[in-house]
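For reference, the chains in residue letters:
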Amino acid sequence: MPPADAVQAVEEEQWVPTRAFGRAVLICGLVLLIAVLLGRADLVVLAAPLALSVAFGLGRRPSGTPGLRLSTVETLPVEGGDMGATVEVENRDRVGYDLTVLQVQHSPWLKLADGDRPHATSVARGMATAVELSGPAIRWGRQTLGPASAYAVAADGLLRSKAVVTGALGVRVYPMTDPFEADEAMPRAAGLVGQHRSRRPGQGGELAGVRQFAPGDRLRRIDWRVSLRTERLHVAATLSDRDAEVVILIDLLADAGRSEGITGAASVLDRAVRASAAIAEHYLHLGDRVSLIEYGAFARKLRPASGRRQYLTVLEWLLDVDPSPVARERAGAQLAAGISADALVVVLTPLLDARSAGMLAGLARAGRFVVAVDTLPPEVEPPKASSNFGDVAFRLWRLERENTIGQLREHGVPVVAWAGAGSLDAVLRDVARMATAPKVGARR
Amino acid sequence: MTAWVNRLARVTAVPLVLRGIVFAAAWLGLWLAVPSPVASLRVALLLVVVALVPALIPGTRVVDGVMLAIVALWVVSTLMVGQAAEPVHTFMTGAALYLTHSAAAFAAVLPYDSVVDAQVVVRWAARSVFVLAAAGVVTAVVVLFAPMAGQTTSVVALFAGLGIVVALIALLARRRG
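The rules behind these values
Residues numbered from 1 in each chain as written. Chains lettered and ligands numbered in written order. Predicted model: local features only at pLDDT ≥ 70, side-chain atom pairs only at ≥ 80, totals over all residues. Heavy atoms only, no water. Helix = DSSP H or I, 4+ residues; strand = E, 2+ residues; numbered from the N terminus. Contact = heavy atoms within 4.5 Å. Areas by Shrake-Rupley, 256 points an atom, 1.4 Å probe, with all protein chains shown as cover. Buried < 20%, exposed > 50% of the residue type's maximum accessible area, 1.4 Å probe, protein only. pLDDT = per-residue confidence, 0-100. Phe/Tyr/Trp six-rings, centres within 6.5 Å; stacked < 30°, edge-to-face > 60°. Lys NZ or Arg CZ within 6 Å of the ring centre and 35° of its normal. Buried area = accessible area lost by both parts, 1.4 Å probe. Salt bridge = Lys/Arg side-chain N within 4 Å of Asp/Glu carboxyl O. Expected span 1.5 Å × (residues − 1). Arc of directions from axis to C-beta. Core = buried A, V, L, I, M, F, W, Y, C linked by side-chain atoms within 4.5 Å. Domains from an automatic or database assignment. Axes fitted to C-alpha atoms, helices over the stretch in contact; angles between N-to-C directions. Parallel < 35°, antiparallel > 145°, perpendicular 65-115°, else oblique. Left-handed = near helix turned anticlockwise from the far one by under 90°. Nonpolar A, V, L, I, M, F, W, Y, C, P; charged D, E, K, R; others polar.

(A) Inspection of the overall build of chain B at higher detail. When helices and strands are tallied, chain B shows 7 helices and 1 strand. When the elements of chain B are put in sequence order from the N terminus, they spell out α-α-α-α-α-β-α-α. Taking all contacts inside chain B whose residues are at least 6 apart in sequence as the whole, residues at least 24 apart take part in 76%. As presented, chain B carries roughly 9500 Å² of accessible surface, and 76% of it is formed by carbon and sulfur atoms.

Set out below in structure tokens:
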């Protein structure tokens, strides 16, 4: 156990004198010295307010440091949604603090009201004061809140505590799902039996309920027990066994465009993540299985599953999506080996890298049902160049890209620009029609 | 330049008002301490410039300098020029000296762009009023009892007073360390 003097010394070090302390000592001492030397009472009057303030201030000195706690309300915010943070500063001393200045650092994507300013508040002895900050989170991702720091001032501004700093908190901001609806058209969906049932009524094995008999119902589905009890014919209604798999492949070889959050421009990555969330939500809502694959350095993969739990897993998985250029990336055929032959593969790509087009063609050659969604923002501009050739080069690059898209279409890969609701309707109908056609040499 | 404009745009009301109090108190203290024969419009304008400096940089030694200037001017006025030290005049100069110090100490620890709880200002104002009221009582006591002590100061009283001052400074210096 440390000696009492040592403890006292440690406590005293927590509070340091300010420049005002030195000034007060200097001027009080000087004026009183002159007053005594010259026997002038008027100089005592002159120094009285200053001397009294020093005496009152130092009469009771604080010893401990202020307590500081940073917390956030766990509301799992979506982009554009409000989130809140609370900074609580506690005075565990016997002396009230004149003021406590606290500041919270945070990600620029968290637009907390007055979050970039210091907050000054007074804290009475033995009390705690909370400063609440709230505002929208304007971009998806794992954002940071904190660290928060605070220092207290006491004794009429003569003493200042050393800064207290908290740790940082992680805030998950889920991507906003762009409104998305798609046709029910799905290649190789009907008639397959899998682990997961769709939500649509049909001739499957999953009991959906009991309803009255209607023309067209099969006799073997009559529920005799209910029919006898109600004296009306009833049949057991079942869900269909529709079980399609949707693979969302996100091209992370390149990013482009400015990211300005939910209210401004969207980069390639923003569009890809929001579109992925929307597509996954749509198909998971229909009862289909959805999996995600990264086409980039990390090559992460989320196993296929269905239901709301999978939707939450998808959102969590999307938080870690990051552009990851890589020198050698897998070709389409290699990727196709890990994708079910009946799956609908939605590739979100800006088509900025030639390997992306090759990958799409490879997937199509391997017999997968591929839909390419162009995530390049229409407002993307070329970098500013000193010469006039920049615009010409950009136009040439645009033409070359359109040429690539045309070639992909010729190879049976529909390419559509992401436009939210109904983006994929036309191409999905085409893909479903192609799926019913006889295929030659398709690899399974 | 742009950085300065951005900083100015972020200034909030309370730190600005505090700096205003530093300026007003410093100017008042200097003006009250200036010897009457010297007091003129030009001097008043010069004091405006001098008082602006501690208001702009309250966390520096400039505040010490301005407060020392107030004391020095007061000593010159009453000792050399022979100006009478009226109690009210002296008390007001002391109050201005204290407010310059207190507001500058407060402004120095308060960032210029901070959001300040009203309770902080109320607490500071209440403490200032309390200190000035207590100083008013001290002034009244000094004004009442000083003439009774006589005009001459004995050698014993001189050394006792010096002892108190040295003890006070030593105590404050020890606490500071």
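Alright, that's what it looks like, and here's the rest.
(B) Structural view of the overall build of chain A. Tallying secondary structure elements over chain A gives 10 helices and 19 strands in all. For chain A, with 444 residues in total, the buried portion stands at 50%. Approximately 21200 Å² of chain A is accessible, and the part contributed by carbon and sulfur atoms is 54%.

(C) Just unusual backbone geometry, in detail. Residue and element names in this part refer to chain A. The omega torsion across Gly146 and Pro147 is 5°, close enough to zero to call that bond cis. Phi at Asp114 is positive, roughly 55°, even though this residue is not glycine. Here Asp114 lies in the loop between β4 (97–106) and β5 (119–123). A positive phi angle is found at Leu351, which is not glycine, with a value near 55°. Looking at the secondary structure, you find Leu351 in the loop between β17 (344–349) and α8 (354–365).

(D) Structural context of the confidence of the model for chain B. Residue and element names in this part refer to chain B. Looking at chain B as a whole, the pLDDT averages 85, with 82% of positions reaching at least 70. Averaged pLDDT values for the elements of chain B fall to 59 in helix α7 (residues 155–176) and rise to 96 in helix α2 (residues 13–33). Scored below 50 in pLDDT, residues 150–154 shows 2 contacts in the model against residues more than four places distant or in partner chains.

(E) Representation of the packing of aromatic side chains within the structure. Residue and element names in this part refer to chain A. Across all of its chains, the model carries 5 aromatic pairs over all chains by this definition. The ring of Tyr151 is capped by Arg160, whose NZ or CZ atom sits 3.9 Å from the centre of that ring. Of note, Arg300 hangs over the ring of Trp317, and the distance from its end group to the ring centre comes to 4.2 Å.

(F) Just the interface of chain A and chain B, in detail. Contacts between the two partners involve 53 residues from chain A and, on the opposite side, 59 residues from chain B. Both sides of the chain A and chain B interface together cover about 4900 Å² of buried area, and 71% of this is carbon and sulfur. Viewed at the interface, chain B and chain A are joined by 5 salt bridges. A salt bridge links Arg10(B) to Asp116(A), with the shortest nitrogen-to-oxygen separation between them at 2.9 Å.

(G) The arrangement of helix α3 (residues 41–56) of chain B in detail. Residue and element names in this part refer to chain B. Taking 1.5 Å per residue as the helical rise, α3 with its 16 residues ought to reach 22 Å, and the 23 Å between its terminal C-alpha atoms agrees with that figure. All buried positions along α3 are accounted for by Val43, Ala44, Leu47, Ala51, Pro54 and Ala55. All buried residues of α3 lie within an arc of 120° about the axis, which places them on one face of the element. Opposite the buried face of α3, at more than 90 degrees from it, the exposed residues are Arg42, Leu45, Leu46, Val49 and Leu56. In this structure, the buried residues of α3 make contact with α2 and α4 (62–80).

(H) View of the nonpolar core. Ranked by size, the top nonpolar core spans 48 residues in total, and within it Ile27(A), Leu43(A), Leu99(A), Leu18(B), Phe106(B) and Leu110(B) carry the most contacts. With 8 residues, helix α5 (residues 87–109) of chain B is the largest single contributor of residues to this core. When residues of this core are sorted by domain, at least three fall in each of domain 1 (4–59) and domain 2 (67–173) of chain A. Filtering out sequence-adjacent residues up to four positions away, Ile27(A) remains in contact with Leu50(A), Asp64(B), Met67(B), Leu68(B), Val71(B) and Leu97(B). Judged by nonpolar contacts, the second largest core, of 38 residues, contains Ala278(A), Ala280(A), Leu318(A) and Val346(A).

(I) Region of interest: the pattern of salt bridges. Counted according to the given criterion, the structure contains 20 salt bridges over all chains. Notably, a salt bridge pairs Asp114(A) with Arg117(A), separated by 3.7 Å at the nearest N-O pair. The partly exposed category is assigned to Asp114(A), whose relative accessible area is 37%. Taking the shortest distance from any N to any O, the salt bridge between Arg127(B) and Asp156(A) comes out at 3.0 Å. Of this pair, Arg127(B) sits in helix α6 (residues 118–145) while Asp156(A) is found in the loop between β7 (141–154) and β8 (159–161), placing the two residues in two different chains. Residue Asp156(A) is classed as buried on the basis of its relative accessible area, which comes to 6%. Look at the salt bridges and you will find they share partners, linking Asp98(A), Asp156(A), Arg123(B) and Arg127(B) into a network.

(J) Structural view of the packing of α2(B) against α5(B). Residue and element names in this part refer to chain B. Closest axis-to-axis distance for the α2/α5 pair is 8 Å, and the angle between their directions is 150°. Taken together, the axes of α2 and α5 are roughly antiparallel relative to one another. When the axes of α2 and α5 are compared, the crossing they make is left-handed. For the pair α2 and α5, contact is made by Leu18, Arg19, Ile21, Val22, Ala25, Ala26, Leu28, Gly29, Leu32 and Ala33 and by His89, Met92, Thr93, Ala96, Leu99, Thr100, Ala103, Ala104, Phe106 and Ala107, respectively. Tallied by class, the residues present in the contact of α2 with α5 amount to 15 nonpolar, 4 polar and 1 charged.

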